[in-house]
Amino acid sequence: MDENSRVKFPLSLEPAFQVIYWSICWLLFFSLLIVVLETQTFNLILIFMAILVAILIFYGLGSTLRIKNNSLKISYYRGMRNKCIPINEIKKITFSAKREVSLCLTQDKVVHIYLNIKNKKKFYKYLKKNLPLIFLEEKNKWDELSKFE
């Protein structure tokens, strides 16, 4: 792999946390909408709520997995929570039938990330092509990935 190559995949949050996070965003948005339609005037509280909804959406959509300089950089909420894993420490990557991807490291640690199906297939194809030394395992007989090789 080239030292300067950069690849980026959008990450999802852990499923239960994702439901809670986006429920709060929708709750605030519809509360804002109801208040706007009922009062039909703009005030400081409405502006504050609109800014809060925009910030939550901005940070919620900012989770990424980047492969850069021979390391995987997992970044949630536009960099508020980061984890950097050197590629040479990854001994196996397990793909589940759902959205979970498990990175098994050399120190007997496991890091779980979540990708939607489309991004998981792209990630799998990228790993097969560019990082053939990493063992890829398909859990629960998930053979949809092998169709895209």
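Residue positions are given per chain, counting from 1 as you read along its sequence in written order. Residue-level local features of this predicted model are given only where pLDDT is at least 70; pairs of side-chain atoms are given and counted only at 80 or more, and the full residue set underlies all totals for whole chains, interfaces and linings. Calculated side-chain values reflect all of the structure's heavy atoms, with hydrogen atoms and water omitted.

K.L.:
What is the right way to look at the pattern of salt bridges in this model?
P.N.:
By definition, a salt bridge exists where a carboxyl oxygen of Asp or Glu is found within 4 Å of a side-chain nitrogen of Lys or Arg. The full count for this structure, using the stated rule, is two salt bridges. Taking the shortest distance from any N to any O, the salt bridge between D108 and K91 comes out at 3.5 Å. Taken as a pair, D108 in the loop between β6 (100-105) and β7 (110-114) and K91 in strand β5 (residues 90-95) lie far apart in primary sequence, 17 residues in all. Any residue under 20% of the maximum accessible area for its type is buried, any over 50% is exposed, and the rest in between are partly exposed; the area is computed with a 1.4 Å probe on protein chains only. Residue classification places D108 among the exposed positions, given a relative accessible area of 67%. For the salt bridge of E137 with K92, the shortest nitrogen-to-oxygen distance reads 3.1 Å. Of this pair, E137 sits in strand β8 (residues 135-138) while K92 sits in strand β5, and the two are 45 residues apart along the sequence. Secondary structure elements are taken from DSSP: a helix is a run of H or I of four residues or more, a strand is a run of E of two residues or more, and numbering for both begins at the N terminus.

K.L.:
Would you take a moment to explain the nonpolar core for this structure?
P.N.:
Side chains of nonpolar character tend, in soluble globular proteins, to be buried together. Put simply, buried Ala, Val, Leu, Ile, Met, Phe, Trp, Tyr and Cys residues joined by side-chain atoms within 4.5 Å make one nonpolar core. By size, the foremost hydrophobic cluster in this structure holds 32 residues, and its most contacted members are L72, I74, I93, I113 and F123. For this core, the secondary structure elements donating two or more residues are β1 (6-10), α1 (15-39), β2 (64-68), β3 (71-76), β5, β6, β7 and α3 (117-130). Ranked by residues supplied to this core, first place goes to α3 with four residues. Ignoring sequence-local partners within four residues, the contact set of F123 consists of F9, L65, I67, L72, F95, V101 and L115. When checking whether two residues touch, look at their non-hydrogen atoms; a contact exists if any pair is within 4.5 Å.

K.L.:
How should the pairing of β6 be read in this particular structure?
P.N.:
In the case of a regular strand, side chains alternate between the two sheet surfaces. β6 sits mainly inside the fold: five of its six residues count as buried. Looking at chain direction, β5 and β6 are connected through five bridges and run antiparallel. Each bridged residue has a counterpart across the sheet, and for T94 the counterpart in β6 is S102. Taking the residues between adjacent antiparallel strands as the criterion, β5 and β6 are bridged by four residues. Hairpin connection of β6 to β7: four residues between the antiparallel strands, including D108 at a positive phi of 55 degrees. Paired strands, as defined in this entry, are two strands with at least two bridges between them according to DSSP.

K.L.:
What is the right way to read α3 from this model?
P.N.:
Think of an α-helix as turning once every 3.6 residues; residues three or four places apart then point the same way. Helix span is expected to be 1.5 Å times the residue number reduced by one. In a regular helix each residue adds 1.5 Å, so 14 residues correspond to 20 Å; α3 covers 20 Å between its end C-alpha atoms and thus fits that length. Buried within α3 we find N119, K120, K121, F123, Y124, Y126 and L127. Check the buried side of α3 and you find it contacts β1, β2, β3, β5, β6 and β8.

K.L.:
What is the right way to read the layout of surface pockets from this model?
P.N.:
Leftover empty space is mapped by rolling, across the atoms, a probe with the size of a water molecule. Put simply, the largest pocket is a space of about 300 Å³. Every residue lining the largest pocket is counted, 19 residues in all, and those nearest its centre are P10, L11, L61, G62 and S63. Those elements giving two or more residues to the lining of the largest pocket turn out to be β1, α1, β2 and β3. Classification used: nonpolar for Ala, Val, Leu, Ile, Met, Phe, Trp, Tyr, Cys and Pro, charged for Asp, Glu, Lys and Arg, polar for all others including Gly. When the residues that make up the lining of the largest pocket are grouped by side-chain class, the tally is five nonpolar, 10 polar and four charged. Buriedness for pockets is judged along seven lines, at least five of which must meet protein on both sides within 12 Å for an open set on the 1 Å grid over protein atoms alone, while cavities are sets there where a 1.4 Å probe fits but cannot get out, and lining residues have an atom within 4 Å of a point. Grid points are joined across faces, edges and corners, and a volume is the space filled by probe spheres set on the points.

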